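One-letter residues, chain by chain:
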Amino acid sequence: FHKEKVYSGDTVSYSPDEYYIKEKPAYVGEIVFNLQGSLSVPGTLLVEDLVNENTFKAYDLDGNLLVYGEDYVVEVIGTPLTIIRKSITVSSSNASFKYNGKEQTANSQKDAAITIGSLIEGHTMKVTISGAITDVGTKENTISSVVIFDEQGNNVSAYYNITLKHGELVVY
């Protein structure tokens, strides 16, 4: 079992039903869990990475506190927690121009749009389009960069899987 979510900006946390102790030594009476872990950006968190001396309190059969790593070691099995990047497709515009001998472009922010998927609420996108054409013919309306910002202005482009779909510029 693998807990996987698409990046949404929300925090995903472990819940107690998503991990268990593989085996408990016979001399251990009770084990109290305090396993805490969460993830809010793309990546993977393994329950095994969260285990340390503060994760558990174990007591012997008489109720005495045991020392983790000296009196006992616990192997915890848990569900990997993964957040994958959010997929979007950014497309540049198609544009046609009658020949006039001047360079023609369609490279403003309005000439780019997300055509598949969407940004997380509060995120904004800055697109740079470098396509240009002068002579009769067809050229790609090339998207040269896409940068996505969160509400605080931080670049969060790495949290997205961005596919580019270049439009076409035509001079006739």
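How each quantity is defined
Residues numbered from 1 in each chain as written. Predicted model: local features only at pLDDT ≥ 70, side-chain atom pairs only at ≥ 80, totals over all residues. Heavy atoms only, no water. Helix = DSSP H or I, 4+ residues; strand = E, 2+ residues; numbered from the N terminus. Rg over C-alpha atoms; globule rule 2.2 N^0.38 Å. Buried < 20%, exposed > 50% of the residue type's maximum accessible area, 1.4 Å probe, protein only. Pairing = 2+ DSSP bridges. Core = buried A, V, L, I, M, F, W, Y, C linked by side-chain atoms within 4.5 Å. Contact = heavy atoms within 4.5 Å. Phe/Tyr/Trp six-rings, centres within 6.5 Å; stacked < 30°, edge-to-face > 60°. Axes fitted to C-alpha atoms, helices over the stretch in contact; angles between N-to-C directions. Polar contact = N/O pair within 3.5 Å; in protein donor to acceptor, adjacent residues only side chain to side chain. pLDDT = per-residue confidence, 0-100.

Turning to the overall build of the protein chain, a few remarks are in order. In terms of helices and strands, the protein chain carries 0 helices and 17 strands. Relative to a compact globule of 172 residues, whose C-alpha radius of gyration would be 16 Å, the protein chain shows 27 Å and is clearly more extended. C-alpha atoms of the protein chain, sized along the principal axes, occupy 95 × 30 × 20 Å. Taking all 172 residues of the protein chain together, the buried fraction comes to 34%.

Another aspect to go through is the pairing of strand β7 (residues 56-60). Alternating positions in β7 separate cleanly, Phe-56, Ala-58 and Asp-60 being buried on one face and Lys-57 and Tyr-59 remaining unburied on the opposite face. The pairing of strand β4 (residues 28-33) with β7 spans 5 bridges and is classified as antiparallel. Paired with Phe-33 across the two strands is Phe-56, which belongs to β7.

It is worth spelling out the nonpolar core at this point. Ranked by internal contacts, the top residues of the largest apolar core, which has 30 residues, are Phe-56, Tyr-72, Val-127, Ile-148 and Tyr-160. Of all the secondary structure elements, the ones that give two or more residues to this core are β4, β7, β9 (81-84), β10 (86-92), β13 (124-129) and β15 (143-149). Examining the composition of this core, we find that 3 residues originate from one element, β15, more than from any other. Discounting chain neighbours no more than four positions away, the residues touching Val-127 are Val-90, Gln-109, Ala-112, Ile-143, Ser-145 and Val-146. Of all hydrophobic cores here, the second largest spans 6 residues; its members include Phe-97, Ala-106, Ile-133 and Val-171.

Two aromatic rings are characterised by how far apart their centres lie and by the angle between their planes. One pass over the full model with this rule turns up 2 aromatic pairs. On the numbers, 5.9 Å between centres and 80 degrees between planes, the contact of Tyr-7 with Tyr-160 is edge-to-face. One end of the pair, Tyr-7, is in the loop between β1 (3-6) and β2 (12-13); the other, Tyr-160, is in strand β16 (residues 160-165), and 153 residues separate them in sequence. Exposure class is identical for Tyr-7 and Tyr-160. Each is buried. Grouped by ring-pair contacts, the aromatic residues Tyr-7, Tyr-159 and Tyr-160 constitute a single cluster.

On to the sheet that holds strand β6 (residues 43-45). Reading across the sheet, the 3 strands line up as β1-β9-β6 and stay open at both edges, with mixed pairing between neighbours. Only two strands of the sheet have a single partner each, and these edge strands are β1 and β6. Strand-to-strand twist of the sheet, defined as the mean angle between neighbouring strand axes without regard to direction, takes the value 15 degrees. As paired elements, β1 and β9 share 4 bridges and run parallel to each other. Paired with Glu-4 across the strands is Thr-82, a residue of β9.

Another aspect to go through is the side chain of Ser-91. Examined against the element boundaries, Ser-91 turns out to sit in strand β10. Reaching out from Ser-91, the side chain makes a polar contact with the side chain of Thr-115 at a distance of 2.8 Å. With residues up to four places along the chain from it excluded, the contact list for Ser-91 reads Asp-111, Ala-112, Ala-113, Thr-115, Ile-143 and Lys-165.

Within the fold, Thr-115 resides in strand β12 (residues 112-116). Between the C-alpha atoms of Thr-115 and Ser-92, which are 23 residues apart in sequence, the distance is 9.5 Å. Non-local contacts of Thr-115, meaning those with residues more than four positions away in its chain, are made with Thr-89 and Ser-91.

For the protein chain, the mean per-residue pLDDT works out to 88, and 93% of the residues sit at or above 70. Per-element averaging of pLDDT across the protein chain places strand β3 (residues 19-21) at the bottom with 66 and β16 at the top with 98.

Ordered by their spatial adjacency, 3 strands build an open sheet running β11-β17-β14, and the pairing between neighbours is mixed. This sheet does not close on itself; its edge strands, each paired only once, are β11 (95-97) and β14 (137-141). When strand polarity is set aside, the average angle formed by the axes of neighbouring strands in this sheet is 20 degrees. Bridge count between β11 and strand β17 (residues 167-171): 3 bridges; the pairing is parallel. Along β17, the bridge assignment pairs Phe-97 with Val-171.

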